[in-house]
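These are the residues of each chain, in order.
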Number of protein chains: 2
Amino acid sequence: MNALDSLIEALKRLPGVGQKSAQRMAYHLLQHDRTAMPRLAGALTAAVERIKHCERCHTFSETPLCIVCADAKRDRRLLCVVETPADQAALERTGSYLGYYFVLLGRLSPLDGVGTRQIGAAELLARAAEDGVEEVILATSFTAEGEATAHVLAEALRARGIKSTRLARGVPIGSELEYVDLGTIAHALSDRR
Amino acid sequence: MNALDSLIEALKRLPGVGQKSAQRMAYHLLQHDRTAMPRLAGALTAAVERIKHCERCHTFSETPLCIVCADAKRDRRLLCVVETPADQAALERTGSYLGYYFVLLGRLSPLDGVGTRQIGAAELLARAAEDGVEEVILATSFTAEGEATAHVLAEALRARGIKSTRLARGVPIGSELEYVDLGTIAHALSDRR
């Protein structure tokens, strides 16, 4: 395979990039932005070499402990469980959560071979049982698999006498009620305050 | 900047990729497809090092002469002028053109500082004046700039007594007339055969 086809094939591995987009990217880089190519190559190499997982919360980190876990000033009473580092990053950007995290790096999906072991449930339970943790916030997705994951973890935590909560379900900010799906409205109604 | 942010910034240089897509790509690669990272890095490095321009037609090539220019069996009477290597690849995929190419690597755009010199007009004229070339097919885009480029080149070729033609304008295959723009219908009508 020649260098151009190899580049197009490699670009197709990016999520959301098909044959046409990969071609457009390759031609654009080669014709208009060659300096971006060694830069992206270097960033990929550095990232794959340097980015590991935090020993404590499993999020992406270049150091054994990520910056959140290494920050002693956060609220040790709260532990928030998310599916991915991207979910954690979204919560961090809200600026309204000051506790620690635990990143599952997935969600329960028995058909795909993802069980409690793959999401590190035992490590989460050990982490939640640590001195000082008072509440585990289950912030998995509101999809069938995310809900199932939250349910299983909530049961396991309750069996150990650890309190768990779930993110509130409701109408998103900026929505007109007419266009919100009925399940969401029903939840918003029953969870009204 | 940490390795993750550097990777996101580098991915944003790809055409059509903004902050959100770049984040999604970076998280996806790191969590689900780490092997794609060194592969893409290698493909980028190889491409930027090995892919140059063909001496004769200016398309992308790893050898001094591209495979089309190096192929003595093609029809020397035809020379097709396109804006980009991607345009040339599209024409090649049709399988219905057997002549040679000349790739402008751009189109006339005086406001952006792209004049006849930047698109290699002098080299095109020299190439078109070579023994054996009987017709220059101007296959630049049917946009204002592409049309202007075709017009300027056609005038210069005519002044040297070289015949030039333009790709046919008309209704695309699969279109319902109702939804085709009026300018295209007018052209299809006047160019009817």
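The shown structure was predicted, so the numbers you read here are calculated from the model rather than taken from an experiment.

Cut-offs and rules
Residues numbered from 1 in each chain as written. Chains lettered and ligands numbered in written order. Predicted model: local features only at pLDDT ≥ 70, side-chain atom pairs only at ≥ 80, totals over all residues. Heavy atoms only, no water. UniProt positions renumbered as here; feature names shortened; annotations may be inferred. Helix = DSSP H or I, 4+ residues; strand = E, 2+ residues; numbered from the N terminus. Buried < 20%, exposed > 50% of the residue type's maximum accessible area, 1.4 Å probe, protein only. Contact = heavy atoms within 4.5 Å. Salt bridge = Lys/Arg side-chain N within 4 Å of Asp/Glu carboxyl O.

1. Points about the UniProt feature "zinc finger region: C4-type" (unreviewed entry) in chain A
UniProt annotation of "zinc finger region: C4-type" (unreviewed entry) refers to residues 54-69 of chain A when read in the numbering used here. Helix and strand shares over residues 54-69 of chain A are 0% and 12% respectively, and the end C-alpha atoms of the span are 8 Å apart.

2. Describing the side chain of Thr59(A)
Residue and element names in this part refer to chain A. By the secondary structure assignment, Thr59 is in the loop between strand S1 (52-53) and strand S2 (60-61). For Thr59, a relative accessible area of 5% translates into the label buried. Once residues within four sequence positions are removed from consideration, Thr59 is found in contact with Lys52, His53, Cys54, Cys66, Pro85, Gln88 and Val103.

3. Comments concerning the pattern of salt bridges
Residue and element names in this part refer to chain A. Inspection of the entire model under this criterion finds 24 salt bridges over all chains. Here Arg56 makes a salt bridge to Glu130, at a shortest N to O gap of 2.9 Å. Here the residue Arg56 occupies a position in the loop between S1 and S2, and Glu130 occupies one in the loop between helix H5 (121-128) and strand S5 (135-138), the gap between them amounting to 74 residues.

4. Here we look at the side chain of Gln88(B)
Residues and elements named next belong to chain B. If you trace the backbone, Gln88 turns up in helix H4 (residues 85-94). For Gln88, a relative accessible area of 6% translates into the label buried. With residues up to four places along the chain from it excluded, the contact list for Gln88 reads Thr59, Val68, Val82, Tyr101 and Val103.

5. Description of the environment of Ala159(A)
All names here are of chain A. Summarising the element assignment, Ala159 is placed in helix H6 (residues 144-159). Residue classification places Ala159 among the exposed residues on the basis of a relative accessible area of 66%. On a C-alpha basis, the gap between Ala159 and Ile137 in space is 16 Å, while along the polypeptide they are 22 residues apart.

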